[in-house]
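Coordinates in review
Spelled out, the chains give:
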Amino acid sequence: MAFDYDLFVIGGGSGGVRAGRVAAQTGARVGLAEEFRMGGTCVIRGCVPKKLMVFASGYGPASEAARAYGWDYEGGTFNWSRFRPMLHRELERLEGIYRKNLGGAGADIFDARATIRDPHTVELSTGESFTAKHILVATGGRPFLPGTPGAAELGITSNEVFDLDAFPERILIVGGGYIACEFACIFNGLGAHTAQWYRGAQILRGFDDEVRGFLAEHIRDRGVDLHVGLEVERMERCAENGRDRIWVKGTDGREDIFDQVLFATGRVPNSDGLGLEEAGVKLGRKGEILVDDYSQTSVPSIYAVGDVTDRINLTPVAIREGAAFVETVFNGNPTKPDHENVASAVFTQPEYGTVGLSEEQARDQEPIDVYCAAFRPMQKSFIGVNERVLFKLIVSQATQKVLGCHIVADGAGEMIQLAAVAVKMGATKEDFDRTVAVHPTMSEEIVLMKTPTRRD
Ligand code: NDP
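I will try to describe carefully the structure that is included in this document. (Residues numbered from 1 in each chain as written. Predicted model: local features only at pLDDT ≥ 70, side-chain atom pairs only at ≥ 80, totals over all residues. Heavy atoms only, no water.)

**Focus: helix H7 (residues 209–221)**
Quick note on the threshold: Counting from the N terminus, the helices are the DSSP runs of H or I reaching at least four residues and the strands are the DSSP runs of E reaching at least two. Expected span of a helix: the number of residues minus one, times 1.5 Å. Three labels apply to residues, based on accessible area from a 1.4 Å probe with only protein chains included: buried if under 20% of the type maximum, exposed if over 50%, partly exposed otherwise in between. The contact criterion used is simple: two residues touch if any of their non-hydrogen atoms lie within 4.5 Å. In protein, a polar contact means a hydrogen-donor-capable atom and an acceptor-capable atom, both N or O and within 3.5 Å, with residues adjacent in sequence counting only if both atoms are side-chain atoms; elsewhere, any N or O pair within 3.5 Å suffices.
In a regular helix each residue adds 1.5 Å, so 13 residues correspond to 18 Å; H7 covers 19 Å between its end C-alpha atoms and thus fits that length. Every buried residue belonging to H7 is among Val211, Arg212, Phe214, Leu215, Ala216, His218 and Ile219, and all of these are buried. Buried-residue contacts for H7 involve helix H6 (178–190), strand S10 (225–228), strand S18 (351–356), strand S19 (368–375), strand S20 (389–396) and strand S21 (402–409). Measuring from the backbone nitrogen of Glu210 back to the side-chain oxygen at the start of H7 gives 3.1 Å, which picks out Asp208 as the cap. Downstream of H7 by one or two residues, Gly223 has phi in the positive range, about 120°.

This is the structure:
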């Protein structure tokens with residue numbers, strides 16, 4: 001049977017665009033449908049605008065530090081109405097690049113919603129339909145909003161946060177994951193009075209326990225009014241000093257008033273209404289598409305990559321999954337995306353970079369040595385800022401391999417990328433010790449920790 005396309009991709013985000021572009025470069029006929037904007041969550045309403053806001057939020061504290069370092073400098077306030085158009089111009093530029101690169105590789109782009117009609121047919125919201133030998137679903141995820149009374153009408157999510165008309169004087173962030181912690185630090189750094197309420201006992205569940213406590217302390221010290229064991233019970237619109245505001249009641253009985261309430265309470269796979277189950281594609285409990293090691297679904301002609309599969313929900317992972325899919329299906333070289341020792345960074349202030357196992361995960365696996373150094377770095381101690389950085393290595397007693405590396409410091413996202421190369425290569429503690437320090441840096445500590453802080 002002759003198909004219209006060799007590959008039809010649904011979703012123009014990180015995973016879909018990479019797969020579509022690389023497949024087209026092999027000579028395959030590729031179509032891709034995106035219902036919103038090319039670039040997906042990462043470019044349009046995730047990593048990229050978030051990181052630009054992280055940069056913006058660093059200049060307030062940096063200008064205070066500049067004064068402490070002897071600069072005669074009068075600080076100002078953050079001007080959202082000046083920053084917002086700049087941010088959106090940059091996103092438009094990046095969206096254009098994505099579109100150009102994919103089109104330039106020879107793929108057809110459809111600005112439409114696609115649904116699956118059968119294992120080889122997609123139907124577009126424009127009324128067109130196409131047959132394809134392979135269909136790749138790369139539709140990502142979307143924010144999950146809990147059923148808290150008032151949340152659906154008055155709350156915002158990370159989808160809306162980059163489009164706010166006015167900069168909030170007072171903001172409440174709900175949640176304790178990556179997105180909640182990052183936006184708490186961003187708004188705090190930009191000068192908003194920022195509260196963060198998290199339902200559990202400590203933020204960043206699943207990460208290294210020692211780091212979670214350390215980071216929570218530093219987030220509070222930087223000015224975020226962080227409360228754990230606290231949820232929103234209900235919220236209502238109210239007026240205060242002639243302004244529309246939001247009255248919020250907490251589960252401990254407290255009441256407070258905010259301009260915005262940002263729910264960062266997790267994300268769910270975008271698998272609804274795509275015709276997946278009708279076509280025979282099996283979904284998991286959260287609606288994630290179930291795939292094998294090669295990203296193939298229960299229907300052999302349909303594959304899925306990225307957040308819609310809910311494996312490791314990170315842009316670079318989706319990109320690798322997309323590339324491995326093309327290698328497997330179009331280059332005849334079965335390739336599994338590698339989900340081992342994926343490094344990531346939480347862009348809080350200070351940042352947290354991590355690769356490999358937490359102390360708790362490692363200890364469950366085997367006897368370990370833990371090396372940990374927490375100290376005031378020179379740049380901060382010189383001006384009397386009482387903030388520490390943390391460097392931590394988790395080492396297998398049997399093999400001396402470094403099983404996990406955790407860094408909390410300004411710039412930890414950049415540092416962990418490099419440490420991740422060593423961990424991925426299977427470096428031992430001895431390899432770290434043999435490496436001569438770069439002096440004076442804070443990260444030299446990673447090669448200078450001689451005695452275990454804890455031994456099993
Ligand atoms: P996370 O899963 O990291 O965090 C969700 C948070 O919401 C948790 O604290 C969770 O609490 C809380 N929560 C869930 N349901 C409710 C509820 N009903 N009421 C109150 N709180 C609730 O999700 P995020 O949305 O922060 O991020 C999604 C994913 O995106 C991340 O896992 C990550 O993979 C990716 N990401 C990566 C970034 C990076 O690399 N820097 C940045 C941003 C996102 P509990 O812990 O108790 O379940």
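**Focus on the sheet that holds S18**
So the rule is basically this: By the convention used here, strands pair only if DSSP detects at least 2 bridges between them.
Pairing within the open sheet is antiparallel, and its six strands lie in the order S17-S18-S21-S20-S19-S22. Bordering the open sheet on either side are strand S17 (344–346) and strand S22 (454–455), each of which pairs with just one other strand. Sheet analysis places S18 next to S21, joined by six bridges and oriented antiparallel. Bridge pairing links Glu351 to Ala409 in S21.

**Some points on the site of the ligand**
Selection rule: Nearness is judged by heavy atoms alone; a residue qualifies as near a molecule or strand once a single heavy atom is within 4 Å of it. What sets the accessible areas is the Shrake-Rupley method with a 1.4 Å probe; for residues, cover comes only from the shown protein chains. Each residue is assigned to one class: nonpolar for Ala, Val, Leu, Ile, Met, Phe, Trp, Tyr, Cys and Pro, charged for Asp, Glu, Lys and Arg, and polar for all the others, Gly among them.
Neighbouring residues of the ligand: 20 residues in total, closest Gly176, Tyr198, Arg205, Asn313 and Ala345. Between the ligand and Glu182 there is a distance of 2.9 Å, counted from a nitrogen atom to a side-chain nitrogen or oxygen. Contact distances for the ligand include 3.5 Å between a nitrogen atom and a backbone N or O atom of Thr265. Considering the ligand on its own, with 910 Å² of exposed area, one finds that the protein chains cover 77% of that surface. Among the elements that make up the shell around the ligand, the one with the highest residue count is H6 (three residues). The class makeup of the residues in the shell around the ligand is nine nonpolar, five polar and six charged.

**Here we look at the packing of aromatic side chains**
Two numbers describe a pair of aromatic rings. These are the distance of the centres and the angle of the planes. Here is the rule: Centres within 6.5 Å make a pair out of two Phe, Tyr or Trp rings, where for Trp the six-membered ring is used; the pair is then stacked when the planes are under 30 degrees apart, edge-to-face when over 60, and tilted otherwise. A ring is scored as having a charge over it whenever the NZ atom of a lysine or the CZ atom of an arginine sits within 6 Å of its centre and within 35 degrees of its normal.
Under the criterion given, the structure shown has 21 aromatic pairs. A connected cluster of aromatic rings, assembled from ring pairs, spans Phe78, Trp80, Phe83, Phe162, Phe167, Phe183 and Phe187. One cation-aromatic arrangement involves Lys429 over Tyr371; the distance from NZ or CZ to the ring centre is 4.3 Å.

**Comments concerning the pattern of salt bridges**
What counts is decided by this rule: Between Lys or Arg on one side and Asp or Glu on the other, a salt bridge is scored when a side-chain nitrogen of the former is within 4 Å of a carboxyl oxygen of the latter.
Evaluated as defined, the whole model comprises 38 salt bridges. A salt bridge links Asp369 to Arg455; its shortest N-O distance comes to 2.8 Å. Of the two residues, Asp369 sits in strand S19 while Arg455 sits in strand S22, which places them 86 residues apart along the sequence. Given a relative accessible area of 57%, Arg455 falls into the exposed group. A salt bridge links Asp410 to Lys380, with the nearest nitrogen and oxygen atoms 2.8 Å apart. Within this pair, whereas Asp410 is found in the loop between S21 and helix H11 (412–424), its partner Lys380 is found in helix H10 (residues 378–381), the two being separated by 30 residues in sequence. Residue class for Asp410 comes out partly exposed when judged on its relative accessible area of 34%.

**Points about the state of the cysteines**
Keep this limit in mind: Cysteine sulfur pairs qualify as disulfides if the two atoms are within 2.5 Å.
Inspection of every chain in the model, using the stated rule, returns zero disulfides. Cys185 carries a free sulfur, and the closest cysteine sulfur to it, the one in Cys181, is 7.0 Å from it. Judged by its relative accessible area of 2%, Cys185 is buried. Free cysteine Cys372: the closest other cysteine sulfur is in Cys405, separated by 11 Å.

**Things to note about the pairing of strand S5 (residues 121–124)**
As paired strands, strand S4 (residues 114–118) and S5 are joined by four bridges and run antiparallel to one another. Bridge assignment links Ala114 to a residue of S5, and that residue is Leu124. Between S4 and S5, which pair antiparallel and follow one another directly, the connecting turn spans two residues. Direction of pairing for S5 relative to strand S6 (residues 129–137): antiparallel, over a ladder of three bridges. Within S6, the residue paired with Glu123 across the bridge is Ser129. A loop of four residues connects S5 with S6, the two strands running antiparallel in sequence, and Gly127 in this loop sits at a positive phi of about 100°.

Read these as layout, nothing more, since geometry by itself doesn't imply function.
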